[in-house]
Structures are given as C-alpha cells and as structure tokens.
Protein chains: 4
Amino acid sequence: MQIDNVVKRIEKDGLAAHLSDGSERTVIGVIGDDRPIDRRAYEIMDGVEKSVQVLQPFKLVSRDFQDYDTIVTVKGVGFGETGVKIIAGPCSVEDRGQLLESAHAVKEAGAQALRGGAFKPRSSPYSFQGLGEKGLKILAEAREQTGLPIVTEIMTPEQLPLITQYADMLQIGARNMQNYDLLKTVGRSNHPILLKRGMMATLEELLMSAEYILAEGNRNVVLCERGIRTFETYTRNTTDINAIPVLKSLTHLPVIIDPSHGVGKWNFVTPVALAGIAAGADGIIVEVHPKPEDALSDGGQSLLPERFADLVQKSRAIATTIGRK
Amino acid sequence: MQIDNVVKRIEKDGLAAHLSDGSERTVIGVIGDDRPIDRRAYEIMDGVEKSVQVLQPFKLVSRDFQDYDTIVTVKGVGFGETGVKIIAGPCSVEDRGQLLESAHAVKEAGAQALRGGAFKPRSSPYSFQGLGEKGLKILAEAREQTGLPIVTEIMTPEQLPLITQYADMLQIGARNMQNYDLLKTVGRSNHPILLKRGMMATLEELLMSAEYILAEGNRNVVLCERGIRTFETYTRNTTDINAIPVLKSLTHLPVIIDPSHGVGKWNFVTPVALAGIAAGADGIIVEVHPKPEDALSDGGQSLLPERFADLVQKSRAIATTIGRK
Amino acid sequence: MQIDNVVKRIEKDGLAAHLSDGSERTVIGVIGDDRPIDRRAYEIMDGVEKSVQVLQPFKLVSRDFQDYDTIVTVKGVGFGETGVKIIAGPCSVEDRGQLLESAHAVKEAGAQALRGGAFKPRSSPYSFQGLGEKGLKILAEAREQTGLPIVTEIMTPEQLPLITQYADMLQIGARNMQNYDLLKTVGRSNHPILLKRGMMATLEELLMSAEYILAEGNRNVVLCERGIRTFETYTRNTTDINAIPVLKSLTHLPVIIDPSHGVGKWNFVTPVALAGIAAGADGIIVEVHPKPEDALSDGGQSLLPERFADLVQKSRAIATTIGRK
Amino acid sequence: MQIDNVVKRIEKDGLAAHLSDGSERTVIGVIGDDRPIDRRAYEIMDGVEKSVQVLQPFKLVSRDFQDYDTIVTVKGVGFGETGVKIIAGPCSVEDRGQLLESAHAVKEAGAQALRGGAFKPRSSPYSFQGLGEKGLKILAEAREQTGLPIVTEIMTPEQLPLITQYADMLQIGARNMQNYDLLKTVGRSNHPILLKRGMMATLEELLMSAEYILAEGNRNVVLCERGIRTFETYTRNTTDINAIPVLKSLTHLPVIIDPSHGVGKWNFVTPVALAGIAAGADGIIVEVHPKPEDALSDGGQSLLPERFADLVQKSRAIATTIGRK
C-alpha cells in the first residue's frame, strides 16, 4: 500500500518505477530524468526511509555530455591546452604605480595573464573596497603595456557592461558562486569566466553553478579550486587538492588552482602551487605584489616578484615531467 | 631591529605600540582602532610570528555600541520583545490556492507572519525558480485576507523597488549573506531585514554582514541561525544552537532560528524549534505546507498545519517557562 | 557483461541482485544482510559508478531490533525514564577538599550523579593528567557522604578492574569513541557505560561504537552528544542539537547532552543545556566547580554551584512543560 | 581592580605580566613558559574578554628546539633524507598468498617498505578485524623473502611486545592519534613510529601527540597526513595538502602522505600522491592489492601493482625535478 503510493507518485512525475523486494526493505529504482524534480519530497511519504540520487544532477558540464576537453581561450591564452597557464598579479589594484610595476614584473617572470581586483568583496564595510572604474582603466593600461590579458572580478550583474569594456576574463568570486542572478548574467555574455569554488561549496555545487552559466549559452568557463573552510585554522583555508583530479574526471571544463587563498601565507604558496600542477591542474592563479607589507589586502599571502619567478620555473619543470609544459 | 620596524609600521598606520619582552618572543600590543587595517599584512614582516585581533571587528551591531535590545517592528509584530514571534508558511509560493490555504492555516495555528518565496535561489538551473511578481501578488492577497505581514526573499538589488511594494520584511538568504551589493542596497531602504546566516559563515562574519546594513542606515535587522554545513550528513545541516546565546551576548539585534533548514526533515523540526526557544531565541521561522508531498521545494522538511499548531502551543509553553511568552 | 560480473559478485557474496534498467544507468538492488561486506569493493568493478547503502549498518542498538526504550539504571538512577537525569561535578578530581565541596554542592542543587575525572586525556603531555587511584578513592568517599553514584572516565582496558571497584558508571571519552579494544573490554563487563560522541564522529559512527559494546553483551549504554568540531571557532565545539531527536529516532538507548564541552564557556552552558532538554534529551552532564578560576582543567566552562542550582530548576521546569519532569 | 586580579593570578602562576592600555581594552602580555597552565581559566575572571596563546604548545618536536632535520631509519631506509621513500602494500594481511604476492609486486615496482595490517580498527564490529599474530608471521615471512622492512598498526599498549617481535615500524592509526596511553607506551620503546593524523585533528594536535612520544624518549617519529574530514563527501576524506609545507616548517620530524585514505578511490591516488611529493613530502604510503575487487578492506582505494609501478616512476621523476630523488 505504501509502496503503491510511492509508485503512483513516481509515475505521476513522468518516471518509471522498478521494485526489488528485500527482507527488511524494498528498493524502488526510479528510471527517467529526475533532474527537475525535488527528490526530497519522496522522503516525506509514509514508509519511505530515504531517497538516493543515482544520476548526477549536472549535464552540460559533464563528460557524459561532451567527451573532449573544452579549451577556453582568453586573448590567445588557451586554458585546457597541454601547457599549464599562469595568472598572476596583486589582490587589488591600489594605484597606477603599484599595478603597472606588478604587471611588468609578472610578465617578465612568465605569467600569461594579469589579475587585479577593481571591485572587492570585503567582509568588513570598513575595509578598502576597490578603486572601481578607475582600477579598470589602470588594468587596461597595463594590458596595453604588457600584452597580458586582464582577469578581474565582477560582483553584480549591473557591472557587466562596464567591466567587459576593460576585462578579458571575468572572475566570479567564492562568495558569489551561488549568486544565481550573476551566473545567469555572465552566462548570457560570451566572455570567458573564471568561476571560483565557494569556500564551503561541494564539488557538485560548483559544477551546478557552472551549469547555470552553460545553460545560458556561455561555454567559456574555467573552474578554480581556491581552498575550502574546515576546522583547521593554521592555514586560511584548506586547499582541496583532491578536487583537481575529481573535477578533471567529471567535467570537460579546464580546472586551475589558487594556492594564495588556499593557504593564506606566502611561504606555503609555492609548494601548494606545485602540488596543484602535479595533481593535473590546467593552470594556477597567484597573488604577487611588489611590496606585500604595504598591500591594502592579502599582503600576507602575496609573493614577491622574484619568488614568483622561481615558482614559474618550478611549475614549468613539473609540468614537463608529467607530460605537459 | 625587527621590532623597530614593526613599531614604525604600527605608528605609520596611526596606532600606538606597547612592548612586553619575553624570553622566547616579544608581544607587541597595538592600541587604537585597527578596524580599517589589514592585520595580516603585519605577519609578512620579518620576525613576526602571528598577529591576533583583540577588538571585535564589528561596531554598530555590538552591545558595546548599544546596550539595550533593538526591537524590529514588522506591521506591529515586534521582534526582540519579550514574546517569542513565529513566522510560518511554505518554502515557495506555488499557486494561489496553495498559498492562501497555507496562510489561513498558519494564521489559525497562531503564526504572526507569513513566509513564502517568490524568487527562489536553487542550486540547479533546472529546478523551479519561483513565480516572481505573480507570487508577490498572491502574497499580498494573503496579507489582505489574514492580516499577517509578509516575509519574502530578495535576491538582487534591482528587485528592491518591486519587492518592497508587496513585502513587509525582506529576507536575505544564506547564499547571499556576503552579497555585499545586496546588503548595501537593503541598507539604504528602511524595510525590516531578515538576515540569514550563510551555511559557511562564522558568527563574526554574520555580524559583519549585518554591520554592512547598519552602516548604510537601516537598523531594522533580525538575524537568523539556519544551520551550518559540517561533516554530519544525516541531517541537511547542523543547527548551531550555540549561536543563539552567543549572538544574544554579542549583539543587540533580535535573533531567531530556522529549524526547517537546520535539520531538513519534518520529524525533527519541532524538537529543534523548541530547543531554539529554550536557548533564548526571539522567534522561529518554520516551513509549513498543506500538502508537503506535492511541494515544489522543501517538501521533506515542511510541517503539516496540524503539526505546526502543536509546535506553536509547545513553543509558547516553553517561552512562558523561561519568562517569555 | 559488466552487469553480469557485478551480479555474479553479488551472488558470490551470498546476496541476491535485482536489476532496474534506465536509459543512462542501470540500478542493481542488492538484497540480503550486507553488513559484513565491504560495499566499497564493488565500486572498483568496471562499469560501477557508485554503491549506496540502504540498510543501516547497526543492528542491536536500532529501534528496528528493539522497539521499547532501554532504561540504564545506575544505583537507582534510571536514564531513559520519563524524568530528566542530571550528572554534575568538576572536570577533574583535584584534591579531597575540592571534590567533596563540589559533591555536596551539586547534591544540594539537585544533581542525581557525580562526575569527576581521575584519569584525564590531555592533548598536552605537560598538562595535569589526573590523580589516578587516589582520585578514585576520593570519589568513593564523596559517594559515601552524598549517596550520589559516581561517573568517571576509563582510558584503557587495563584500568577496568581498578575503576569498577570505585565507579558506578564508566565514561568513554570523545577521543576514545573508536578505541575498539576499550569498547570491547567494557562490553564484556556489565557496568553502565556513558559513551561520548567523538568530536569528529558521525551519528552513524557513534551508533556503531555502541554496537561494539552491545555486541559483547553489555546493553547498559547511555549516549552523549558533547559537541562536534566545525569551522566555527567562537565556541569550543558546535553542540549538534539535531543529534538529540535524530538519535532518539534511531536507537532505543538513552541520550544525554553535555553543554559544557559543547560550548566551552560557562555563560552559554545554561541556555544550551535547556535547549537539549527541550529537544528531548534524557539528561544532561554539566561541569560544576566551586572555584572555577582555580580549576586545573576546564575552569572556563564550569558553572559555579549557585548557577548550577538555577540550571537544575529551569531544567525541571522545561522537562515538565514537555511532559517529562 | 579587575586588572589587578588578573595580574595577581598571573604572578601566582609563576609568570610575569606587562600591561598595554587601550581606549577600549587593556592587553596584558604574559611572559614565561605557560605550557603547563590552563589558559582558559583566565577567561573566567571578571573583565577578561579572551586569552590568546603566543608560544606554541609543543616543544621537543619544534624547529625552535632542534634546527636540523631528524632522519628516522627503518632497517636502512632513512625517512627524512633527500630521497623520497615509498611504503606500499595491502590494507590488511588477508592470507599468505595475497600478502606474499603483494610484497613481491611492490618490491619489484620500487617500494622501500611493506605495509599490511594484522590488527584492524574497523567502525563495524561485524567487519573483518585482521588475522592478528598469524598476520604478523606472514609479514615477517614477506620481509625474509623481499628484504623490505615491515610497517604495521599497533592498536593497544599490550600488543607492543608481540608486534615489536615482527615489525620494523609501528603505525599509530588516525583513530588512535589521541590514545595517550598508546602514545606513551610506544614512546618508551625505541621502535620507529608512523603517527597518522586523526581525521579531525588540527596540525597542532598532531604535533602535541608526537610530543607525547618524544617526551617519553623515543625520537623516531614519522608524521603522516592522511586526509581530514570535511563537508565534501565526493572523496572519502579531504587530503590536506597544506599540511605538508606547514608541518615541514614547524617540525624537524619527517612528514609523509597517504593518498589512498586521503581520496578513497584508486583512480585519484596517483595525482594526489604526486601532489604530496611536489609539496615537499618525505615519502608516501600507498595501498596496493593484486586483486582489489576481492580485498577484505579498502579494495576501492587500492592500486593494482602495475599502476603502482607507474606511480613510483612518476614520483621519482617529480622528486628529481624539485631536487630530491
């Protein structure tokens, strides 16, 4: 009777049911695409102990859907190609001098793209919030001087027209990974997107957020592991190194690693960056600052340019060792 | 020499330094308001092992700043008063019949405000996303019929003019707790705000997000503990019951609890709701649905109206026992 | 072919297989008692995406196995009865005066059992490690003077003969929840056991550890929720209040709550204790110390006797309100 | 007055106090070795908001105490030397054939030590618990045939005389990381110890557990990162890759990584092992099984011998790239 009710409900939802009777429980297999259905609703029915998902809830981002690797090209830099790609620069654009100095330094050291925040999500309203459009203009000038494509954060849907005038790749920050309006908005543009994992988001949720972007038509998405929040407080976050091979096995999208936020202290950035490459990441994004102790944000985790140059060399050596470059 | 450099840097930042020499380390006490300064930058200086925050980073929300309890009044319902306040209703507005039936049921059972989502943040782009303005109109009709004030979620800054036409209290959902643009926008309105703790947010971060709203001028903020993400997977989230007395000790703002999301299964909602009241919460927000097994979202954690009526009675009994009502 | 192999393996393990074919995946239901089998081994077979457990892995502790509540009686104090039971006392036995003073104070305030550690698991080898047998003798003297049964921690199997000479209930501490040798040893005695949840243990693991004790023949087990480790650092641990109704629904064993370790600061102990009772706990265990600021361990989370007396009164009031006493 | 009391208490504890007055708070610096003192007790004093630890609580394991790297030699294999060391073998000794086949396979592939459990901590009392002494004898026979030193788990203090007859290195498993009696017991032997991090232990707690062993006189301790428990459930645990460089910076003890437990699925083991080496680990410990699908435990995360051989080659290549071998 309870089983009958569940079977009727399954059929009402347009799916098919198969029964397997056991001595203590009956397993009801549900056949069909249940992605649009709230699986939990079944658990409220009399006699149902739990419902379990079999199919993965994402589709367009899945290797089941596309079996070859996506290459996301940002001004000629192809994320997902054999070669490992390196994005570097300061956390925030603070002033013209700091940014241009940083841009030239990371260019010389071998970076292929420049990062720098003009709009900054800060946990305190009293902290430096970024230079806004002025920062974007400085970034554009740095591109002109160095040829490096620009990666910068977008915080709200309304910023899209402004930021796309200046930037080559739009970063969705960890705190906005489930800002669905923002995901849909960038999904309707064609700009390359750097989607950072939320600090307490599961890999499945990260992929679902990417699915939001692809579902709107934009397939140029690069995923970024940047550390998750755990009980360990010695480091700022816990870099989830497992995420690299797991994501590479589940999705065709490129995957990079952000060791700067993952550890939060400059002296651990290089080992963790190298670990990311050894684990199969398609690239890294690193904070570099010419004068870290004067940085308005994230100084503690920024590398000096000369240390970054050393990281670039070691990265390329490890990439070569595992058959990349 | 290293110490000299740190002291100079402290003074350059407009603060004062006091030294305490130990045999293995020297402690440098920093005096002054360091809220706008990035404490981590000091850790990069030679000879600095770690920096520790002494003052709390929030101000306007703190009991140090205001020593009496804030009462947030929503159409005559005063959150933070002695009496415990109860918000109830379905997760989503699904159609006119469902919502009006729910509204009358929760009204009769003793609820003082009606919840119902018109705009829904969903982890999958393929899930029901809410009725939008049509849902708001149904909510307004329910208010007309029952007199209950309306609590509904705002997801983006642009929705503000629309939603404030219909709703009496704006909910900032857990996923948007650090959507700073949204926080600033609602901070510039004068509408009462229900700010939910992010499932990954520390109590300090929740208070900093409230600080964003107060810093813009809106002091009508009610905080809501709704469960955090932990390693335990038997329940949807882990209700952080400690958060209730801790928040009440740190801030003058009212604090309520959402047991529905905290446990995720209807049969555990009532005990956890009662726990929240016993721990000192100023109210609860509960999902109630006349036909949970047909709900388009969160059916598994919704109470039937008759079970909700029982919860209301027990809640009032416990409130009375601890000197509330 | 892949399916055939899995089915053969299932049958080799003495179980039966039922197939449900879907368009993208096939669900294979496995029928039989798979508790002794390593489910993960199936996941390595070609074509298997994941294996999911349907039956709970515990048996003797389950409500499926015994449908009435177990009452664990400790010198006439029945844990699991309608009345809520209260254990109190200092973290450690420090000296005769401190313990006897504490014992009389908690007795007068209404406690029904006395706690006090003679063997202390400390994370530092340089911290106070307990008085050992001398502490046990002081506890026995306190029992003689007050009539309160004694609850004290056992750390190793060899301590069993010694501790059972003095104590009425043996506590297995959080760090030893998966010390299987210790679990088996106390399982072979008939002494009542207070089994604390490990700070990193799921509810299922807690129940499996209790299963170890019952499987050896000792059914006198009381479970204790004492806070889990999460990302929140404001409190010492996060009291998992959900655990109370969840455990009560899964097992027939009594469940109590330890708010002292759950919050770690005395001023939050009372609200969280009351929350535990409102959520359905069968009792509480609380740290009480006549001079908390001089305590050799856990002073910061210990209540003064007069505050404990207030907690007892409020606990009984809430218990009565929800039909207990 | 409040300050006076705190200062008096500090002096009573044999320490010295230095005051730094601020406008809102006073910072009291405490000078002296406070390791044996319970810092939290101060927080209960009137007027004290919080107490903060400045000195690290561990001593013998610290680089402050010993500035050169410890080499732990196990039958000629030097953990902590420039060369990366590899331990491999099945989770459990299941029978003579399986173990000897595994031993020869890992030897040929380049392993330097053989792992295999004779005593197994299992979360279920109904799971395979290991062969006990019979398993130890099989391990000894494998050593005779291959020359590989033997690493096996010790679960209780009483097993010490038996296990040291057969094993060359004693493993303390994750669940026993804070089994202090066991730590003290192995501390009094002189056998090399492989101390695994508990799945929810902080790095500080891991180092404190090592301190227990060193404090008893045994300095032959190798630390092992094996994954921590987080909210992410796609992998069995979350490998804390940050732990490698952090531990190497804090302690002179060798640090290795266990990718098998860190990810829990064989197909992610190799990338995570390589990541560990790139991050600076002194070695790896990997589960290898000739027929993983028939393993009595951990089959799902065991590598086939040929895949392990590939891992060894890649490991050595990366080690060479970063100046090891």
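Scoring rules and cut-offs
Starting from 1, residues in each chain are numbered consecutively following that chain's sequence as written. Note on labels: chains are lettered from A, ligands numbered from 1, in written order. pLDDT decides what is reported in this predicted model: residues at 70 or higher carry local features, side-chain atom pairs at 80 or more are listed and counted, and totals for whole chains, interfaces and linings draw on all residues regardless. Note that water and hydrogens are dropped before the side-chain values are worked out from all heavy atoms of the structure. What counts as a helix is a DSSP run of H or I of at least four residues, what counts as a strand is a run of E of at least two, and both are numbered from the N terminus. Restricting the calculation to C-alpha atoms gives the radius of gyration, and the globule rule supplies 2.2 Å times the number of residues raised to the power 0.38. The cut-offs for exposure are 20% and 50% of the maximum accessible area for each residue type, with area from a 1.4 Å probe on protein chains only; residues under the lower value are buried, those over the upper are exposed, and the others partly exposed. Paired strands, as defined in this entry, are two strands with at least two bridges between them according to DSSP. Each axis is a line fitted through C-alpha atoms, and for a helix only the stretch in contact is used; angles between axes span 0 to 180 degrees, taken between their N-to-C directions. Any helix carries an expected span of 1.5 Å times its number of residues minus one. Think of the arc as the fan of directions from the helix axis to the C-beta atoms. The contact definition used throughout considers only heavy atoms, calling two residues in contact when any of these lie within 4.5 Å. We define the nonpolar core as a collection of buried residues of types Ala, Val, Leu, Ile, Met, Phe, Trp, Tyr and Cys that are connected through side-chain atoms lying within 4.5 Å of one another. Buried area adds together the accessible area that both of two parts lose upon being put together, with accessible area traced by a 1.4 Å probe. A side-chain nitrogen of Lys or Arg and a carboxyl oxygen of Asp or Glu constitute a salt bridge if their distance falls within 4 Å. Crossovers are described as right-handed under a simple rule: with the strands pointing away from the observer, the path leading from the first strand over the helix to the second runs clockwise. We call Asp, Glu, Lys and Arg charged. Ala, Val, Leu, Ile, Met, Phe, Trp, Tyr, Cys and Pro are nonpolar, and the rest, Gly among them, are polar. Here the copies are superposed with least squares, the fitted atoms being C-alpha atoms of residues at a pLDDT of at least 70 in both. The score called pLDDT rates the predictor's confidence residue by residue, from a low of 0 to a high of 100. If an angle is under 35 degrees, it is roughly parallel; if it is over 145, roughly antiparallel; if it lies from 65 to 115, roughly perpendicular; otherwise it is oblique. Left-handed describes a crossing whose near helix is turned anticlockwise from the far helix through less than a right angle; right-handed describes the clockwise counterpart. In this analysis, rings of Phe, Tyr and Trp, with Trp reduced to its six-membered ring, are considered paired at centre separations within 6.5 Å, and the interplanar angle assigns stacked below 30 degrees, edge-to-face beyond 60, and tilted for intermediate values. Two conditions define a charge sitting above a ring: the NZ of Lys or the CZ of Arg must be within 6 Å of the ring centre, and it must be within 35 degrees of the ring normal. Two cysteine sulfurs form a disulfide in these notes if their separation is within 2.5 Å.

Things to note about the overall build of chain A
Check the secondary structure of chain A and you find 10 helices and 12 strands. Expected size for 325 residues packed as a compact globule is a radius of gyration near 20 Å; at 22 Å, chain A falls within 12% of this value. Considering only C-alpha atoms, chain A reaches an extent of 75 × 45 × 40 Å along its principal axes. By residue count, 65% of the 325 residues in chain A fall in the buried class.

A closer look at the sheet that holds strand E8 (residues 169-172) of chain A
All names here are of chain A. Pairing in this closed barrel of eight strands is parallel, and the strands run E5-E6-E7-E8-E9-E10-E11-E12 around the ring. Strand-to-strand twist of the sheet, defined as the mean angle between neighbouring strand axes without regard to direction, takes the value 25 degrees. Judged from the five bridges that link them, strand E5 (residues 85-89) and strand E12 (residues 283-287) form a sheet pairing that is parallel. Bridged to Gly-89 within E12 is Glu-287.

Remarks on helix H10 (residues 305-321) of chain D
For an α-helix, 3.6 residues make a turn, and residues three or four places apart therefore share a direction. Across its 17 residues, H10(D) extends 24 Å between first and last C-alpha, which sits within 8% of the 24 Å expected from 1.5 Å per residue. Along H10(D), the positions that sit buried rather than exposed are Pro305(D), Phe308(D), Leu311(D), Val312(D), Ser315(D), Ile318(D) and Ala319(D). Relative to the axis of H10(D), the buried residues are bounded by an arc of 135 degrees and lie together on one face. The exposed set on the far side of H10(D), more than 90 degrees from its buried face, consists of Glu306(D) and Gln313(D). Where H10(D) is buried, its residues meet helix H9 (266-278) and helix H10 (305-321) of chain A together with strand E5 (85-89), helix H2 (96-109), helix H9 (266-278) and strand E12 (283-287) of chain D. After H10(D) finishes, the residue Gly323(D) shows a positive phi value of roughly 90 degrees.

What to know about the nonpolar core
Core analysis: the biggest nonpolar cluster contains 312 residues, and Phe308(A), Phe308(B), Phe308(C) and Phe308(D) have the highest contact counts within it. Not counting residues up to four positions away in its chain, the partners in contact with Phe308(A) are Ile86(A), Ala88(A), Val106(A), Ala109(A), Ala111(A), Val286(A), Val288(A) and Leu303(A).

As for the interface of chain D and chain C
Chain D puts 53 residues into the contact, and the matching count from chain C is 54 residues. Interface area, chain D with chain C, both sides summed: about 4,300 Å², of which 52% is carbon and sulfur. Our count for the contact surface shared by chain D and chain C stands at two salt bridges. Arg229(D) is the salt-bridge partner of Glu205(C), the closest N and O atoms lying 2.6 Å from each other.

Details of the pairing of strand E8 (residues 169-172) of chain C
Residues and elements named next belong to chain C. What you see with E8 is no split at all: Met-169 and Gln-171 on one side and Leu-170 and Ile-172 on the other are buried throughout. Here strand E7 (residues 150-153) pairs with E8 via three bridges, running parallel. Pairing of Val-151 across the sheet is with Met-169, part of E8. For the crossover from E7 across helix H4 (residues 160-166) to E8, the handedness is right-handed. Between the parallel elements E8 and strand E9 (residues 193-196), the chain passes through helix H5 (residues 180-188) in a crossover that is right-handed.

Brief notes about the interface of chain A and chain B
Note on interface size: it is often stated as the accessible area lost on association of the parts. Contacts between the two partners involve 54 residues from chain A and, on the opposite side, 54 residues from chain B. At the boundary of chain A and chain B, one finds two salt bridges. Where the side of chain A that touches chain B is concerned, the elements lending two or more residues are helix H1 (2-12), helix H5 (180-188) and helix H6 (203-215) of chain A. A per-element tally of the side of chain A that touches chain B places H6(A) first, with five residues. Here the residues of the side of chain A that touches chain B sort into 21 nonpolar, 13 polar and 20 charged.

As for the relation of the copies chain D and chain C
Superposition of chain D onto chain C requires a rotation of 180 degrees combined with a translation of 0.0 Å along the rotation axis, giving an RMSD of 0.1 Å. Viewed as a symmetry operation, the transformation between the two copies matches a two-fold axis. For chain D, the minimum C-alpha distance to the rotation axis belongs to Met200(D) and amounts to 3.0 Å. Residue by residue, 100% of the interface of chain D is reproduced at the interface of chain C, so both copies engage with the same surface.

Examining the relation of the copies chain A and chain B
Mapping chain A onto chain B leaves a residual RMSD of 0.1 Å; the transformation is a rotation of 180 degrees accompanied by 0.0 Å of translation along its axis. Both copies present the same face, since 100% of the interface residues in chain A are matched by interface residues at the equivalent positions in chain B.

Points about unusual backbone geometry
Of note in the backbone geometry, Asp298(A) takes a positive phi value of approximately 60 degrees without being a glycine. Relative to the assigned elements, Asp298(A) resides in the loop between E12 and H10.

Details of the pattern of salt bridges
According to the stated counting rule, one finds 65 salt bridges over all chains in the structure shown. For Arg236(A), the salt bridge identified is with Asp298(A), shortest N-O distance 2.9 Å. Of the two residues, Arg236(A) is situated in the loop between strand E10 (221-225) and helix H7 (243-250) and Asp298(A) in the loop between E12 and H10; the sequence distance between them amounts to 62 residues. Among the ionic pairs, Glu216(B) bridges to Arg188(B), the shortest N-O distance being 3.6 Å. You can see Glu216(B) sitting in the loop between helix H6 (203-215) and strand E10 (221-225) and its partner Arg188(B) sitting in helix H5 (residues 180-188), a full 28 residues away along the chain. A cluster of three or more residues bridged by salt bridges with shared partners is formed by Arg197(A), Glu225(A), Asp240(A) and Glu232(D).

A short note on the sheet that holds strand E9 (residues 193-196) of chain B
Residues and elements named next belong to chain B. Pairing is parallel in the closed barrel, where eight strands are placed in the order E5-E6-E7-E8-E9-E10-E11-E12. Between one strand axis and the next, the sheet turns by 25 degrees as a mean value, whatever way the strands run. Sheet topology places strand E11 (residues 255-257) next to strand E12 (residues 283-287); two bridges connect them, and they run parallel. Bridged to Ile-256 within E12 is Gly-283.

Section: the side chain of Asp282(C)
Tracing the backbone shows Asp282(C) in the loop between helix H9 (266-278) and strand E12 (283-287). The residues touching Asp282(C), leaving out its near neighbours within four places in the chain, are Gly80(C), Glu81(C), Gly83(C), Val84(C), Lys85(C), Lys248(C), Pro254(C), Val255(C), Ile256(C) and Arg324(C).

Things to note about the confidence of the model for chain A
Summing up the model confidence of chain A, the mean pLDDT is 91 and the portion of residues at 70 or higher is 94%. The ipTM value of the predicted complex is 0.91, and its pTM value is 0.91.

Comments concerning the packing of helix H7 (residues 243-250) of chain B against H9(C)
Where H7(B) contacts H9(C), the axes come no closer than 9 Å and their chain directions differ by 135 degrees. Here H7(B) is positioned oblique relative to H9(C), judged by the angle of their axes. As H7(B) runs across H9(C), the sense of the crossing is right-handed. Between H7(B) and H9(C), the residues in contact are Pro245(B), Val246(B) and Ser249(B) and Phe268(C), Pro271(C) and Val272(C), respectively. Looking at side-chain class alone, the contact of H7(B) with H9(C) contains five nonpolar, one polar and no charged residues.

Some words on the packing of aromatic side chains
Summed over the entire model, instances satisfying the criterion amount to four aromatic pairs over all chains. Of note, Lys265(C) hangs over the ring of Tyr234(C), and the distance from its end group to the ring centre comes to 4.1 Å.

Notes on the environment of Phe119(C)
Residue position: Phe119(C) is located in the loop between strand E6 (113-115) and helix H3 (133-146). In this view, Phe119(C) contacts Gln129(C), Gly132(C), Glu133(C), Leu136(C), Glu153(C), Met155(C), Gln159(C), Leu162(C) and Ile163(C); residues no more than four positions away in its chain are not counted.

Focus on helix H3 (residues 133-146) of chain B
All names here are of chain B. With 14 residues, H3 extends 20 Å between its outermost C-alpha atoms, agreeing within 8% with the 20 Å of an ideal straight helix rising 1.5 Å per residue. Within H3, burial applies to Gly-135, Leu-136, Ile-138, Leu-139, Ala-140, Ala-142, Arg-143 and Thr-146. Turning to H3, the residues buried within the fold contact helix H2 (96-109), strand E6 (113-115), strand E7 (150-153) and helix H4 (160-166). Downstream of H3 by a residue or two, Gly-147 has a phi angle that is positive, lying close to 80 degrees.

Here's the deal with the state of the cysteines
Per the counting criterion, the structure on display carries zero disulfides over all chains. For Cys91(B), which is in no disulfide, the shortest distance to another cysteine sulfur is to Cys224(B) and amounts to 13 Å.

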